[in-house]
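What follows is each chain in one-letter form.
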Amino acid sequence: MSSFFIKTKENPKLAKKGKNTAAIKRKNDGDSGGKSKIQAKKPNSKYNEEISSDSEAEGPIEPKKRQSNEEVEYEETPQEKKLRLAKHYLEQLKEEEENKAEEESFETDLIAGRLQEEVLEQKGKLQRLIAKDLIPPDASEIRLLRGHKLPITCLVISSDEKFIFSAAKDCSIIKWDVESGKKLHTIPGGRKGTEDRHVGHTAHILCMAISSDGKYLATGDMNKLIMIWEAETCKHLYKFTGHKGPVSGLSFRKGTHDLYSASHDRSVKVWNVDENAYVETLFGHQDAITGLDSLSRECCVTAGGRDRTVRVWKIAEESQLVFHGHEGSIDCIQLINEEHMITGADDGSVSLWSVNKKKPLSTVKQAHGCHGDAGLEQPHWVASVAALQNSDAVASGSHNSKVQLWKCGQNYRGLEPLFSVPVSGFVNSLKFSSSGQFLVAGVGQEHRLGRWWRLKEAKNGIYIIPLKRKSPNPE
């Protein structure tokens, strides 16, 4: 019943509305014909209240009403709306395409730059100029990690820069966490004569290397042995025998598991760690080899100690290039890129070499000063060198209580001192992290190859030296 009454209530209104619209129609018929009919009808549904009030108002207001209707009609025409939306859409597309083109050109520039760098790197000509921006760290920022009982002899940094592996004269190997400075794993050294039952080294460890993918760690000792470890777990995998003298240099070819080793027996050997296999031996040095390094080419470089030569070994061709320059025993060597290297000798000199020149490109004599009585001064031996790959920053270490950083000149012609970092003791090993964020020094109270001196005030440990850069000028 109620719904019936509502309906009947509504009907009179509808009738009213009908009358109103009819009145408007009549008015408009008199004024402007059929067009105005459409104009009146169109806003009817939208502007019901206004129309009903206008219809009651007097005639003179009609032009305003018509004007507003025309404006409404002009603004809301479906064709115009479609056109406007289409234009807006086209503008959006244009903007998107322009942004995309900008991004693509930026990306292609980046890719081109990266490819250019890679080509230069393969050619051995890449030199990133970063040395000028390096600033010496505060003494408080240098961290010392202690764990070895005897002098550190060698160390390596994993390519992801999370871990450091160090070895010492106590025959032990320690894996460190860079961020926290904590020991993650220790492989203890064994006593002399326990070689049969002890898993690990029982003689001074002289050298170590880690594969570029961080899978294998190789260590070499005074007992002529090379040991291969799983870097992640420090689990012992293989033992390579074959050298007839202490193993003094190890390096994995970058991007592979090919291992190069050098020994005091004057030979260089090649091993395949994946296959647990010996590959070949190369001879040429006239004295004990003291250091070895390699990058991604199938070749390695060695320092020949007292034969005073540096040699580049081309493994595939089984040939070698011989370089002369130092006056003393060449004790350490490091590649900067595929075609340039740095060496240090016990005559106190540091030399820069190119594989295309038989003599050094540059030599700094008495790089770490002298010691001894007046008139009997001896230069401090250069015990270690390091290079930040494909850059112009190198470092050297001795026992004059500091690590010296150097800037290579344009095209590696010239060595200029940058700054020194105070470190007490024999700096037996130096390594830059791959990104150049920090430098690690392995320090001991004695030289890694002997006991000629003993610095009692020194601490056997690892120094992590942050390499800070100048903040770019805001201009």
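Residues numbered from 1 in each chain as written. Predicted model: local features only at pLDDT ≥ 70, side-chain atom pairs only at ≥ 80, totals over all residues. Heavy atoms only, no water.

1. Considering the overall build of the chain
Here is the rule: In this description a helix means any DSSP run of H or I spanning at least four residues, a strand means any run of E spanning at least two, and both kinds are numbered starting from the N terminus. For the exposure calls, accessible area comes from a 1.4 Å probe over protein chains only, and a residue counts as buried if that area is under 20% of its type's maximum, exposed if over 50%, partly exposed in between. Whether two residues are in contact is decided by their heavy atoms, any of which lying within 4.5 Å being enough. Using the Shrake-Rupley algorithm and a 1.4 Å probe, accessible areas are obtained, with residue cover drawn only from the displayed protein chains.
Summing up its helical and strand segments, the chain has 4 helices and 32 strands in all. Within the chain, the fraction of its 475 residues that count as buried is 46%. Within the chain, contacts between residues at least 6 apart in sequence are counted, and of these 49% link residues at least 24 apart. With an accessible surface of roughly 25,600 Å², the chain has 51% of that area assigned to carbon and sulfur atoms.

2. Some thoughts on the pairing of strand S7 (residues 205-210)
Quick reminder of the rule: Here a strand pair is declared whenever DSSP counts at least two bridges between the two strands.
Along S7, 6 of the 6 residues are buried, which leaves the element largely enclosed by surrounding structure. Hairpin geometry of S7 and strand S8 (residues 216-221) is characterised by an intervening segment of 5 residues between the two adjacent antiparallel strands and by a positive phi of about 75 degrees at Gly-214.

3. Re the confidence of the model for the chain
This is how it is decided: Per-residue confidence from the predictor is given as pLDDT, running between 0 and 100.
Here the chain shows a mean pLDDT of 80. Residues at 70 or above account for 81%. Every residue in residues 6-59 is under pLDDT 50, and counting partners more than four places away or in other chains gives 30 contacts.

4. Examining a negative patch on the surface
The cut-off we apply is this: Each patch groups residues whose relative accessible area exceeds 30% and which form no salt bridge, using 9 Å between like charges and 5 Å between nonpolar side chains of Val, Leu, Ile, Met, Phe, Trp and Tyr. Each salt bridge in this description consists of a side-chain nitrogen of Lys or Arg and a carboxyl oxygen of Asp or Glu lying within 4 Å of one another. Positive charge is attributed to Lys and Arg, negative charge to Asp and Glu, and no charge count is given to His or to the chain ends. Positions of charges follow a simple convention, taking NZ of Lys, CZ of Arg, CG of Asp or CD of Glu.
Together, Glu-91, Glu-95, Glu-96, Glu-97, Glu-98, Glu-102, Glu-103, Glu-104 and Glu-107 make up a negatively charged patch on the protein surface. Mapped onto the fold, Glu-104 is located in helix H4 (residues 78-123).

5. Thoughts on the pairing of strand S21 (residues 350-354)
Within S21, 5 of the 5 residues are buried, which leaves it mostly tucked inside the rest of the structure. One ladder, built from 5 bridges, connects strand S20 (residues 340-345) with S21; its direction is antiparallel. Bridge pairing in S21 links Met-341 to Trp-353. From the end of S20 to the start of S21, which pair antiparallel, there are 4 residues, and Gly-348 there has a positive phi angle of about 85 degrees. Note that S21 and strand S22 (residues 362-364) share 3 bridges and pair antiparallel. Counted as the bridge partner of Val-350 is Val-364 from S22.

6. What to know about unusual backbone geometry
Within the chain, Cys-234 stands out as a residue other than glycine whose phi angle is a positive 60 degrees. Structurally, the position occupied by Cys-234 is in the loop between strand S9 (226-230) and strand S10 (235-240). For Cys-234, a relative accessible area of 8% translates into the label buried. Its identity is not glycine, yet Arg-266 carries a phi of approximately 75 degrees, on the positive side.

7. Here we look at the sheet that holds S9
Our working definition: Axis definition: a line fitted to C-alpha atoms, limited for helices to the stretch in contact. Angles are taken between N-to-C directions and run from 0 to 180 degrees.
Taking strand neighbours across the sheet as the criterion, the 4 strands line up as S7-S8-S9-S10 in an open arrangement whose pairing is antiparallel. Unpaired on one side and paired on the other, S7 and S10 mark the two borders of the sheet. On average, each strand axis in the sheet is inclined to that of its neighbour by 25 degrees, with strand direction left out of account. Here 5 bridges tie S9 to S10, and the two strands are oriented antiparallel to one another. Note on S10: the bridge partner recorded for Ile-226 is Phe-240.

8. Regarding the packing of aromatic side chains
Note the following rule: Working definition: a ring pair exists when centres of Phe, Tyr or Trp rings (six-membered ring for Trp) sit within 6.5 Å. Plane angles under 30 degrees give stacked, over 60 give edge-to-face, the rest tilted. Working rule: Lys NZ or Arg CZ, within 6 Å of ring centre, within 35 degrees of ring normal, means a charge sits over the ring.
For the structure on display, the rule yields 4 aromatic pairs. In this structure an aromatic cluster arises from ring pairing among Tyr-238, Phe-240, Trp-271 and Tyr-278. The lysine or arginine in question, Lys-175, covers the ring of Phe-163, its NZ or CZ lying 4.4 Å from the ring centre. Directly above the ring of Phe-323 sits Lys-358, whose terminal nitrogen or CZ lies 5.6 Å from the centroid.

9. Observations concerning the sheet that holds strand S12 (residues 258-263)
Spatially, S11-S12-S13-S14 is the arrangement adopted by the 4 strands of the open sheet, whose pairing is antiparallel. Strand pairing shows two members of the sheet lacking a second neighbour, strand S11 (247-252) and strand S14 (277-283), which therefore form its edges. Across the sheet, the mean angle from the axis of one strand to that of its neighbour is 20 degrees, orientation sign disregarded. Here 5 bridges tie S12 to strand S13 (residues 267-272), and the two strands are oriented antiparallel to one another. Looking at the pairing, Tyr-260 lines up with Val-270 of S13.

10. Some words on the environment of Ser-319
Tracing the backbone shows Ser-319 in strand S18 (residues 319-324). Here Ser-319 is in contact with Val-312, Trp-313 and Lys-314, once residues within four sequence places are set aside.

11. So, the side chain of His-399
Locating His-399 in the fold gives a position in the loop between strand S26 (393-397) and strand S27 (402-408). What His-399 contacts, discounting residues up to four positions off in sequence, is His-371, His-380, Trp-381, Gly-425, Phe-426, Trp-453 and Leu-455.

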